[in-house]
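Remarks on the overall topology
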Number of protein chains: 2
Amino acid sequence: MTGWLAIAGLGPGAAQLVTPEVTAALAEATDIVGYAPYVARVPERPGLTRHRSDNREEIDRAGLALRLAAEGRRVVVVSSGDPGVFAMAAAVFEAVDAGDPAWRDLDIRVLPGISAMFAAAARIGAPLGHDFCAINLSDNLKPWGLVERRLRLAAQADFVIALYNPLSSARPWQLGRAFELLREEISGSVPVVFARAVSDATETIETVTLRDAVAGRADMRTLVLIGSSRTRLIARAGGQPFVYTPRSAGVPS
Amino acid sequence: MTGWLAIAGLGPGAAQLVTPEVTAALAEATDIVGYAPYVARVPERPGLTRHRSDNREEIDRAGLALRLAAEGRRVVVVSSGDPGVFAMAAAVFEAVDAGDPAWRDLDIRVLPGISAMFAAAARIGAPLGHDFCAINLSDNLKPWGLVERRLRLAAQADFVIALYNPLSSARPWQLGRAFELLREEISGSVPVVFARAVSDATETIETVTLRDAVAGRADMRTLVLIGSSRTRLIARAGGQPFVYTPRSAGVPS
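Note that this is a predicted model, so its numbers are computed, not measured. Here the residue numbers are simple positions, counted from 1 along each chain's written sequence. For naming, the first written chain is A and the first written ligand is 1, with later ones following in the order written. The predicted nature of this model means local features are confined to residues of pLDDT at least 70 and side-chain atom pairs, given and counted, to a pLDDT of 80 or more, with totals for whole chains, interfaces and linings taken over all residues. Think of the side-chain values as coming from all heavy atoms in the structure, minus any hydrogens and water.

1. Some points on the pattern of salt bridges
One side-chain nitrogen of Lys or Arg within 4 Å of one carboxyl oxygen of Asp or Glu is enough to make a salt bridge. With the rule as written, the count across this model stands at 36 salt bridges over all chains. Three or more residues are tied together by salt bridges with common partners; here these are Asp 131 and Asp 158 of chain A together with Lys 142 and Arg 150 of chain B.

2. A few points about the relation of the copies chain B and chain A
For this overlay, a least-squares fit was computed on C-alpha atoms, restricted to residues scoring pLDDT of at least 70 in both copies. Between chain B and chain A, which share one sequence, the superposing operator has a rotation angle of 180° and an axial displacement of 0.0 Å; the RMSD is 0.0 Å. Read as a symmetry element, the transformation amounts to a two-fold axis. No C-alpha of chain B lies nearer the rotation axis than that of Cys 133 of chain B, which sits 1.9 Å from it. When the interface residues of chain B are mapped onto chain A, 100% of them again fall at the interface, so both copies present the same face. Contacts are residue-level and defined by heavy atoms, with any inter-residue pair within 4.5 Å sufficient.

3. A closer look at the interface of chain B and chain A
Listed by partner, the interface residues are 78 residues for chain B and 79 residues for chain A. The term buried area means the drop in 1.4 Å probe accessible area that two parts suffer when joined, counted for both and summed. Counting the surface lost from both chain B and chain A, the interface buries some 6,400 Å², and carbon and sulfur atoms represent 61% of this. At the boundary of chain B with chain A, the tally comes to twelve salt bridges. For Asp 131 of chain A, the salt bridge is made with Lys 142 of chain B, and the minimal N-O distance between the two is 2.5 Å. Any N or O atom pair separated by 3.5 Å or less is treated as a polar contact, with the protein-specific requirement of one donor-capable and one acceptor-capable atom, and with residues adjacent in sequence counted only for side-chain atom pairs. The interface formed by chain B and chain A holds 31 residue pairs in polar contact (both at pLDDT 80 or more) in total. Each residue is assigned to one of three groups, with Ala, Val, Leu, Ile, Met, Phe, Trp, Tyr, Cys and Pro labelled nonpolar, Asp, Glu, Lys and Arg labelled charged, and all others, Gly among them, labelled polar. Split by residue class, the side of chain B that touches chain A holds 46 nonpolar, 16 polar and 16 charged. Note on pairing: DSSP must find at least two bridges between two strands before they are called paired. Helix and strand labels come from DSSP, where a helix needs a run of H or I of at least four residues and a strand needs a run of E of at least two; each type is numbered from the N terminus. Note: strand β7 (residues 132–136) of chain A against strand β7 (residues 132–136) of chain B, three bridges, orientation antiparallel.

4. Some remarks on empty space enclosed by the protein
Residue and element names in this part refer to chain B. Only protein atoms enter the 1 Å grid, on which a cavity is a set of points fitting a 1.4 Å probe that cannot get out and a pocket is an open set with protein on both sides within 12 Å along at least 5 of 7 lines, lining residues being those with an atom within 4 Å of a point. Grid points are joined across faces, edges and corners, and a volume is the space filled by probe spheres set on the points. Here the structure, examined in full by the defined rule, presents one cavity of 30 Å³ or more. Pro 127, Val 160, Pro 191, Val 193, Leu 225, Ile 226, Gly 227, Thr 231, Val 243 and Thr 245 are the residues that line the largest cavity. Listing elements by their share of the lining of the largest cavity, those giving two or more residues are β9 (191–196) and β11 (222–226).

5. With respect to the packing of helix α6 (residues 144–156) of chain A against helix α6 (residues 144–156) of chain B
Axis lines are fitted through C-alpha atoms, for helices just across the contact stretch, and the angle between N-to-C directions can take any value from 0 to 180 degrees. Direction vectors running N to C along α6 of chain A and α6 of chain B enclose 180°, while the axes themselves pass 9 Å from each other. The angle between the axes of α6 of chain A and α6 of chain B places the two elements in the roughly antiparallel class. Along its contact with α6 of chain A, which presents Arg 149, Leu 153 and Gln 156 of chain A, the element α6 of chain B presents Arg 149, Leu 153 and Gln 156 of chain B. The labels follow the angle: roughly parallel below 35 degrees, roughly antiparallel above 145, roughly perpendicular from 65 to 115, and oblique for the rest.

6. Concerning the sheet that holds strand β4 (residues 74–79) of chain A
All names here are of chain A. Overall, parallel pairing links the five strands, which are arranged β3-β2-β4-β1-β5 in an open sheet. With partners counted over all chains shown, the strands left at the sheet margins are β3 (49–53) and β5 (108–111), one partner each. For this sheet, the mean angle separating the axes of adjacent strands, direction not counted, is 20°. Pairing between strand β1 (residues 4–9) and β4: six bridges, direction parallel. Pairing of Trp 4 across the sheet is with Arg 74, part of β4.

This is how it looks when you write it as structure tokens:
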């Protein structure tokens, strides 16, 4: 048996957002490796071993997946959203880079998925319709000073900003500090969207202004989108406003 | 018949990357609206009208789709990649905002797709594994000065940078100028990836350094990814190197 390793994106939650490519890889796999709640999204079947791990163990998990593939197993590492965005793909390549040189010539593929950012954007309109950036707000793997610097530069560039991992019990104050800092750089009237558990049964989406944004609205499953100076709301009689950023910014020079 | 409008992402090209949600919407549609090459990706069938338009006619196309939905048709506006990223979703909401107030209460949904950026990243490893931004290099709808400002700020933030629409016959010099400007801000040794026609039969991917990057390698179907200071290559005996950006950046403060 020739082993392989696929790092697959399961999308934000709904089965309707899993690509056929990922579904096919899961059907051929002998082993599923990942954070327990994502592994739980792959049903049990004979011949399939599911390896669950904790949230903080990305590198161990990547090493396990690579060893299994090197032994000839067909391994799928599962991430939610897109595996290339603050998820398992980078962890696997870090492990390849630092590990057994033979791992470099394994059959390793990344299978893209619907990212949390684009799923959240789609639910409310088109907030990412113009230039944007994505920042992981966690300071577990980078200095908080660098996060602040990036937030200020992103605000000065008038990017729409997507914040991943805005808050956890171990990182309670960072999102509030980010809002405070952004209010120093940009207008308090820009829309801020809190998109939680997008495409799940428990989905909630709230749109407020930066002026009124408070960190308590977010949790570990929330993606926060901060509009640019051009982001607009369209009020509707029957529900949430649409939020979009027009394609144009000022008059062409 | 109750009309609706779905703005759907067909992904980068391969059928394996189209979500079941999009496939279902296409199967229920009475009308497909879009840029001719994307409309051509939806097979003809009885009862389906396909409306093709030119590249530059986004707002007319959006208006047509909204009028059809208001008349009770089931309309899918097709984009490649994700419809929310430099594509049709923003154009539709611009048309809603400026058009018939009744359009606000139509059933309008955005169906996310696999974006060019994440598809390209997946083909080479995990270049977007850390903080990143996406910039539309076209100055059709914004002043070139703003593009330059954003490129400089993004480089100063040490973001990985994805450049959409890098080049066309009407915009021949902008990408070369962007490389020149980035070489003033960041090291010439950062990797630059030219990903063309990702997931298509004609896919080509080239990785060079910023020092050696020349605009002539790109065309209208190319996505250009510029690494951050942390982006690394993993050489392989059997083919293209992997390109990835580690999750960590410096020692936490």
